[in-house]
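Here is how the chains run, residue by residue.
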Amino acid sequence: MPRVRRSSTPPIVGQQRWRRQVLPTLRGTILDIGAGSGVSAALLHPGVAWLALEPAPGRRLAAAVRSRPGSQLLTKPAERIPLEDASVDAAICSTVLCSVADPALTLTETIRVLRPGGVLVFYEHVAAAPGSTARRIQRLASPLTRLLDHGCDPCRDTADTINRAGFSHVHLETLRISGVLGGLAPVIHGYAER
Ligand SMILES: C[S@@+](CC[C@H](N)C(=O)[O-])C[C@H]1O[C@@H](n2cnc3c(N)ncnc32)[C@H](O)[C@@H]1O
């Protein structure tokens, strides 16, 4: 089973640190859901097979895939993952469940393609507390972020979606990032095992 390092490492405080701590621990065939420009690739172990799923791939992602032997670009949405059941060892969701059209279906598909015991590792920004000023600002900003930022909806309760998805075990932590932006975009990270 891919490992997620948890002890004797500095606490995770941001996305780049999360990537550096978690991604190198994954092994086998790795599905990178909503791979973006392919930033994960450089941090994965050289021996893994990287499957970059991205419905709107740009030149940087195509180049990253070409430069990594054994990798593959899958230009399909996460709601319809073009892979066999139980065919991947681990999956990555890094600020993606805010953007996909249907997060619950994305996770159903993720569970389908993970082998038994395989894990999803995730780092996602989520809705602020109901009734808070941050939540009101998120709601006001969401038409703009949906339009301009890969369909990103800042008001999603992604922790709940992950917890209800049907994984056998979920380990989820909420990060408290200081500053105005931290308040506006609370973050969860962790792993979920099929
Ligand atoms: C904020 S970016 C994150 C990119 C990358 N995972 C990272 O960590 O930098 C969100 C990505 O999700 C992709 N995306 C949006 N809808 C998607 C869908 N239905 N299926 C798969 N990817 C999707 C976008 O094209 C974009 O590349």
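Residues numbered from 1 in each chain as written. Predicted model: local features only at pLDDT ≥ 70, side-chain atom pairs only at ≥ 80, totals over all residues. Heavy atoms only, no water.

This paragraph deals with the overall build of the chain. On a plain count of helices and strands, the chain comes out with six helices and seven strands. Overall, the chain shows an N-to-C arrangement of helices and strands of α-β-β-α-β-β-α-β-α-α-β-α-β. Here the C-alpha atoms of the chain give a radius of gyration of 16 Å, agreeing with the 16 Å that 2.2 N^0.38 yields for 194 residues. Each of the three principal axes of the chain carries a C-alpha extent, and together these read 45 × 40 × 30 Å. By the burial criterion, 46% of the 194 residues in the chain qualify as buried. Restricting the contact set of the chain to residue pairs at least 6 apart, pairs at least 24 apart contribute 61%. Total accessible area computed for the chain in this model is approximately 9600 Å², and 55% of it derives from carbon and sulfur atoms. When the 23 basic and 15 acidic side-chain charges of the chain are each reduced to a single mean position, those positions are 7 Å apart. (Helix = DSSP H or I, 4+ residues; strand = E, 2+ residues; numbered from the N terminus. Rg over C-alpha atoms; globule rule 2.2 N^0.38 Å. Buried < 20%, exposed > 50% of the residue type's maximum accessible area, 1.4 Å probe, protein only. Contact = heavy atoms within 4.5 Å. Areas by Shrake-Rupley, 256 points an atom, 1.4 Å probe, with all protein chains shown as cover. Lys, Arg positive; Asp, Glu negative; His and termini not counted. Charge placed at Lys NZ, Arg CZ, Asp CG, Glu CD.)

Right, let's talk about the pairing of strand S4 (residues 88-94) for a bit. When you tally the buried positions in S4, you get seven out of seven residues, the bulk of the element. Pairing of S4 with strand S5 (residues 114-125), which is carried by six bridges, proceeds in the parallel orientation. Bridged to Ile-92 within S5 is Val-121. Crossover connection from S4 via helix H3 (residues 103-113) to parallel S5: handedness right-handed. (Pairing = 2+ DSSP bridges. Right-handed = clockwise from strand over helix to strand, strands pointing away.)

Glancing now at the pattern of salt bridges. Per the stated rule, a full pass over the model turns up six salt bridges. In this structure, the salt-bridge partner of Asp-153 is Arg-156, at a minimum N-O distance of 3.8 Å. For Asp-153, a relative accessible area of 11% translates into the label buried. Take Arg-156: its relative accessible area is 14%, and that puts it in the buried class. Arg-164 serves as the salt-bridge partner of Asp-160, at 2.9 Å between the closest nitrogen and oxygen. Using a relative accessible area of 31% as the deciding quantity, one classes Asp-160 as partly exposed. Here the salt bridges share partners, and the residues they tie into one network are Asp-85, Glu-109 and Arg-112. (Salt bridge = Lys/Arg side-chain N within 4 Å of Asp/Glu carboxyl O.)

Quick look at the site of the ligand now. Taken together, the neighbourhood of the ligand is formed by 17 residues, with Arg-19, Gly-34, Glu-54, Ala-78 and Ser-94 sitting nearest. Arg-19 has a polar side-chain atom sitting 2.9 Å from an oxygen atom of the ligand. With respect to the ligand, the backbone of Gly-34 contributes an N or O atom lying 2.8 Å from a nitrogen atom. Split by residue class, the shell around the ligand holds seven nonpolar, seven polar and three charged. (Near = heavy atom within 4 Å. Polar contact = N/O pair within 3.5 Å; in protein donor to acceptor, adjacent residues only side chain to side chain. Nonpolar A, V, L, I, M, F, W, Y, C, P; charged D, E, K, R; others polar.)

Turning our attention to helix H1 (residues 15-22). By the burial criterion, the buried members of H1 are Trp-18, Arg-19, Gln-21 and Val-22. At its buried positions, H1 is contacted by S4, S5 and strand S7 (187-193).

Once that is clear, we can look at helix H4 (residues 133-148). For H4, which comprises 16 residues, the first-to-last C-alpha distance of 22 Å matches the rise-based estimate of 22 Å (1.5 Å per residue) to within 8%. Along H4, the helix axis deviates most sharply at Ala-141, where the bend reaches about 45°; the proline Pro-143 sits within four residues downstream. Within H4, the full set of buried residues consists of Ala-134, Arg-135, Gln-138 and Ser-142. In the segment just after H4, His-150 is the residue with positive phi, at about 55°. (Expected span 1.5 Å × (residues − 1). Bend = angle between axes of the 7 residues up to and from the residue.)

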